[in-house]
Amino acid sequence: MKNEESEPINKAPSKVIRLVQRYCDHDLSRLRSFEGFVTLMYRPTDSAALGVSRALFGLMMLIDIPDERGGGELDYRWGDPNGCKFPLINGMEVPSYPRMGIIYLSMWLGALGITLGYRFRYSCALFVGTYWYVFLLDKSSWNNHSYLYGLLGTLFLFTNANAYFSIDAWRNKQLQGDVPFWNYFILKYQFFILYFLAGLKKMCPEWLAGYAMTNLSYHWVFTPFRFTLGPQLTDLLIVHWFGCIFDTSVVFFLVYAPTRKLATLFACAFHLMNARLFRIGMFPWTCLTQLPLYYSFSWPRLLLKKFAIEASAPCDTNVTDYEKPTRKRKGLMSLMLLYCGFQLFLPYSHFITKGYNNWTNGLYGYSWDMMVHAWDTVLISIKVVDNEQNQPYYLLPYAFVDNDRWTKHADMAYQFAQCIENNVQQEQTAKSGKKVNISIHFDVWCSLNGRFLQRMFDPRVDILNAKWSPFASTEWSLPLLHQFTEMRSMISHMTKDVYSWSNSSDVLFVADFPGLTMDNYIVPEMDNITLAVLEGAIEYTHSMENHSTVLHKGQRLQGIPPHFHQLKTIGEKPSSMLYTYVNTTMKAPAHEQQQTILPLWQEFMHRYDKYVWFFQHVGNSLLYEIYGVPMPRRVRATPDENTWTFF
């Protein structure tokens, strides 16, 4: 009886092991010890698929560098000596414009070497070193995929990805052959992090309730779903819910052979749709080029054999002649496991780097919270006060910067204030020979995922003298007014109602903190202006009137005349209010401009133009550094126009 009772207990684990082994197609008995794990990771594996993935990744970077990395706009992005940048490490200085051109040229040559597999280690190191350096120089340009490119380049650096389909392997036959299985494992693991953590980040009310990507269903790629489900259900079910399910599950289906082809079909559709929906450069195409990693390690050889180009193709079988792990291999696999754990931890490390948290946690990039947060920045006020004469001056919102990423992050706002102060002091020193005593105040109004419009930073604080630390919460960064979050459905319904009044009616929802005053200027083109208080109490004062009016919850003020008026939140609670108005300049167009569904030729010419400008920039950089030839630089005429002048 003892043996009969113990038999099912001994069989149960073996069934589970066989099931999991069938799923992932590996001998899981090797995972019972660290030595077995190292042995499995060093299992000889065909290098064909890895070599093709390396070449395709390098090709994607060759296209990306002149485009999204800014190589085609080197003069605009890096040429302005007064332009403000936001390095991750305070104190990092941006090299001169000519030297940035040489850095970009080095990055491009490194990507070319990766593509061709020529002097692979040196090419990969050249690309990775210059890429991360440019990446760290300006975090205002960070995206999830730009972070991914640097990681992939770093991982390829440590693999033997030049053992196939490379100039190195053609010149040195000894390089040709198998590679350790961990070369594939670490790359596939990185994409698992990309997809799976992006899905976990979407498992939040912001995404699942459909507030992140609103009105996306009106794009032509969702036409079949929109006709079947309607725009609202398409936004909720297809964009948000399916997006979450796809990210969390796609890698598991790619790993399992019976579902691999179907998962590939969904992944291709997903990335091709993203390529049409968003301006995210080569990210969808890079993901597409790496999907074959989940197929046979020998698929390139099998493909060539099919066309009688290559004689034979080894089979993908679990090799049994494992080598005993050495101390070096154990050390390398320990480092790989540490890297894997670090990639899991880093997106949730915001409790350490508190200084980078604001309404959202951390800097946009390493969190993998792709598309979860939709920002609407309505007002940016930059006030520079001459403290000696008590005279305020206002800078244009895009003075010294080419994007508004700094408005959402306290660390970048702090850096921006230092940059503004440095530019002002240089100008004053050149004019009068002495520095001035100034203070800088930011008043930024944003809306996150359809919430009320509210302030990001305390406008009363002089940012130059404010405190900021990467490991402490920023006191002058105002919190998100979560008490009004549940009113988003009301905002949506009331917005649709106001839009139905006429083609020129509009509405604005605003919330503010106790004790703060909002200055609002009404232009003459606005008519029939009504202010209604939804929560709290405010004190209304118009510049053309000698008295003030206190409005409480449920009260409204109609017929507000043009010019300045102030709204001060009184009491101990935040206030929320709405403006309804008619904008006489906002008329519906008689004929809407037809947009090309697939502007492939225009996109090709856009990338071609970026390439032409890129080589002109790097050529001018070389001429300047070698012969001292002056470099031409384009300058945008105004921050809001796409016209250019030369000097």
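What you see is a predicted model; the values in this text were computed from it and never measured.

**Student:** How would you explain the overall build of the chain if you had to name every residue and give the values?
**Tutor:** A count of helices and strands for the chain gives 19 helices and 16 strands. Residues counted as buried form 48% of the 647 residues belonging to the chain. A separation of at least 24 residues holds for 72% of the contacts in the chain among residues at least 6 apart in sequence. For the chain, the accessible surface area stands at approximately 33500 Å², while carbon and sulfur atoms represent 59% of it.

**Student:** So what's going on with the sheet that holds strand 11 (residues 548–552)? Residues and values would help.
**Tutor:** Taken in spatial order, the four strands of this open sheet run 8-13-10-11, and their pairing is antiparallel. Looking at strand neighbours, the two that pair on one side only are strand 8 (517–522) and strand 11, the edges of this open sheet. Geometrically, the sheet is characterised by an average inter-axis angle of 25° between neighbouring strands, direction not taken into account. In this structure, strand 10 (residues 537–542) lies alongside strand 11, joined through five bridges in antiparallel fashion. The residue bridging Glu539 from the neighbouring strand is Val550, located in strand 11.

**Student:** Summarise the state of the cysteines; cite the residues concerned and give the values.
**Tutor:** Applying the stated rule across the entire model yields one disulfide. Shown here is the disulfide that connects Cys84 with Cys419, its sulfur atoms set 2.0 Å apart. Residues Cys84 and Cys419 share a disulfide whose torsion about the S-S bond is about -90°; that sign makes it left-handed. Of this pair, Cys84 sits in the loop between helix 4 (74–78) and helix 5 (97–116) while Cys419 sits in helix 17 (residues 410–432); the two residues are 335 residues apart in sequence, bridging distant segments of the chain. Given a relative accessible area of 4%, Cys84 falls into the buried group. Accessibility expressed as a relative area gives 16% for Cys419, which makes it buried.

**Student:** Describe the packing of aromatic side chains, and please don't skip the residues or the numbers.
**Tutor:** Under the defined criterion, the tally for this structure stands at 39 aromatic pairs. Their ring planes at 55° and their centres at 6.1 Å tell us that Phe86 and Phe416 sit as a pair that is tilted. One end of the pair, Phe86, is in the loop between helix 4 and helix 5; the other, Phe416, is in helix 17, and 330 residues separate them in sequence. Judged by its relative accessible area of 1%, Phe86 is buried. Of the residues examined, Phe416 reaches a relative accessible area of 0% and is grouped as buried. Both rings, one in Phe242 and one in Phe266, keep their centres 6.0 Å apart while their planes meet at 45°; by these two values the pair is tilted. Taken as a pair, Phe242 in helix 12 (residues 231–255) and Phe266 in helix 13 (residues 257–277) lie far apart in primary sequence, 24 residues in all. You can call Phe266 partly exposed: its relative accessible area is 40%. Through a chain of ring-to-ring contacts, the aromatic side chains of Phe57, Phe127, Tyr131, Trp132, Phe135, Trp142, Tyr147, Phe156 and Trp368 assemble into a single cluster.

**Student:** Describe the nonpolar core, and please don't skip the residues or the numbers.
**Tutor:** The nonpolar side chains of soluble globular proteins are, as a tendency, buried together. Core analysis: the biggest nonpolar cluster contains 128 residues, and Phe127, Leu194, Trp406, Phe416 and Phe442 have the highest contact counts within it. In terms of residues, this core owes the most to one element, helix 9 (residues 182–202), which gives twelve residues.

**Student:** Talk me through a nonpolar patch on the surface; I want residue IDs and the actual numbers.
**Tutor:** A cluster of nonpolar side chains, Leu200, Met203, Leu208, Trp241 and Tyr348, forms an exposed patch at the surface whose accessible area comes to about 460 Å². Checked against the element boundaries, Met203 lands in the loop between helix 9 and helix 10 (205–208).

**Student:** Help me get a handle on the packing of helix 12 against helix 13, residues and values and all.
**Tutor:** For the pair helix 12 and helix 13, the least separation of the axes is 8 Å and the interaxial angle reads 140°. When the axis of helix 12 is compared with that of helix 13, the two are oblique. Classified by chirality, the crossing of helix 13 by helix 12 is left-handed. Counting all contacts with helix 12, which are made through Phe242, Phe246, Asp247, Val250, Phe253, Leu254 and Val255, the residues of helix 13 involved are Ala257, Thr259, Arg260, Ala263, Thr264, Phe266, Ala267 and Phe270. Class assignment of the residues belonging to the contact of helix 12 with helix 13 gives a composition of eleven nonpolar, two polar and two charged.

**Student:** How would you sum up the side chain of Arg260? Please name residues and give values.
**Tutor:** Mapped onto the fold, Arg260 is located in helix 13. Within the structure, Arg260 has its side chain in polar contact with the backbone oxygen of Leu254 (distance 2.7 Å).

**Student:** Describe the sheet that holds strand 6 (residues 454–455), naming the residues involved and giving the relevant values.
**Tutor:** The antiparallel open sheet is built from four strands, whose spatial order is 4-3-5-6. Strands at the two margins of the open sheet, each flanked by one partner only, are strand 4 (391–395) and strand 6. Of the strand pairs in this sheet, strand 3 (residues 375–386) and strand 5 (residues 438–448) are connected by eleven bridges, and their pairing is antiparallel. Within strand 5, the position partnered with Ile380 by the bridge is Val444. Of the strands in this sheet, strand 3, strand 4 and strand 5 touch helix 17, which is tilted by about 140° from strand 5.

**Student:** Residues and numbers for the confidence of the model for the chain, please.
**Tutor:** Here the chain averages 89 in pLDDT, and 90% of its residues register 70 or above. Long-range and interchain partners of residues 588–593, a stretch whose pLDDT sits below 50, account for one contact in this model, where long-range means more than four residues apart. Note on residues 639–647: pLDDT under 50 across the span, and 19 contacts to partners over four residues away in sequence or across chains.

**Student:** Just give me the short version of helix 3 (residues 48–64), but keep the residues and values in it.
**Tutor:** Along its 17 residues, helix 3 runs 25 Å from first to last C-alpha, staying within 8% of the 24 Å computed at 1.5 Å per residue. Within helix 3, 14 of the 17 residues are buried, leaving the element largely enclosed by the surrounding structure.

**Student:** Tell me about the packing of helix 7 (residues 144–157) against helix 9, and name the residues and values.
**Tutor:** Orientation of helix 7 relative to helix 9, taken along the N-to-C sense of each, is 165°, at an axis distance of 10 Å. Between helix 7 and helix 9, the angle is such that the two are roughly antiparallel. Helix 7 and helix 9 meet at a crossing whose hand is right-handed. On helix 9, the residues that touch Leu148, Leu151, Leu152, Leu155 and Phe156 of helix 7 are Ile186, Leu187, Gln190, Phe191 and Leu194. Its residues placed into classes, the contact of helix 7 with helix 9 shows nine nonpolar, one polar and no charged.

**Student:** Summarise the environment of Phe416; cite the residues concerned and give the values.
**Tutor:** A C-alpha to C-alpha distance of 7.5 Å links Phe416 and Phe86, two positions 330 residues apart in sequence. In contact with Phe416, other than residues within four places in its own chain, are Cys84, Phe86, Ile382, Ala399, Phe400, Val401, Trp406 and Phe442.

**Student:** I'd like a description of the pattern of salt bridges, backed by residues and values.
**Tutor:** Applying the stated criterion to the full structure yields 18 salt bridges. A salt bridge links Glu427 to Lys431; the shortest N-O distance between them is 3.0 Å. Of the two residues, Glu427 and Lys431 are both situated in helix 17; the distance of four residues between them amounts to about one turn of the helix. When its relative accessible area of 43% is taken as the criterion, Glu427 is described as partly exposed. Taking the shortest distance from any N to any O, the salt bridge between Arg460 and Asp458 comes out at 3.0 Å. Taken together, the shared-partner salt bridges in this structure form one network comprising Asp64, Glu68 and Arg69.

Conventions we followed
Residues numbered from 1 in each chain as written. Predicted model: local features only at pLDDT ≥ 70, side-chain atom pairs only at ≥ 80, totals over all residues. Heavy atoms only, no water. Helix = DSSP H or I, 4+ residues; strand = E, 2+ residues; numbered from the N terminus. Buried < 20%, exposed > 50% of the residue type's maximum accessible area, 1.4 Å probe, protein only. Contact = heavy atoms within 4.5 Å. Areas by Shrake-Rupley, 256 points an atom, 1.4 Å probe, with all protein chains shown as cover. Pairing = 2+ DSSP bridges. Axes fitted to C-alpha atoms, helices over the stretch in contact; angles between N-to-C directions. Disulfide = S-S within 2.5 Å. Phe/Tyr/Trp six-rings, centres within 6.5 Å; stacked < 30°, edge-to-face > 60°. Core = buried A, V, L, I, M, F, W, Y, C linked by side-chain atoms within 4.5 Å. Patch = residues over 30% accessible without salt bridge, like charges linked within 9 Å, V, L, I, M, F, W, Y side chains within 5 Å. Salt bridge = Lys/Arg side-chain N within 4 Å of Asp/Glu carboxyl O. Parallel < 35°, antiparallel > 145°, perpendicular 65-115°, else oblique. Left-handed = near helix turned anticlockwise from the far one by under 90°. Nonpolar A, V, L, I, M, F, W, Y, C, P; charged D, E, K, R; others polar. Polar contact = N/O pair within 3.5 Å; in protein donor to acceptor, adjacent residues only side chain to side chain. pLDDT = per-residue confidence, 0-100. Expected span 1.5 Å × (residues − 1).

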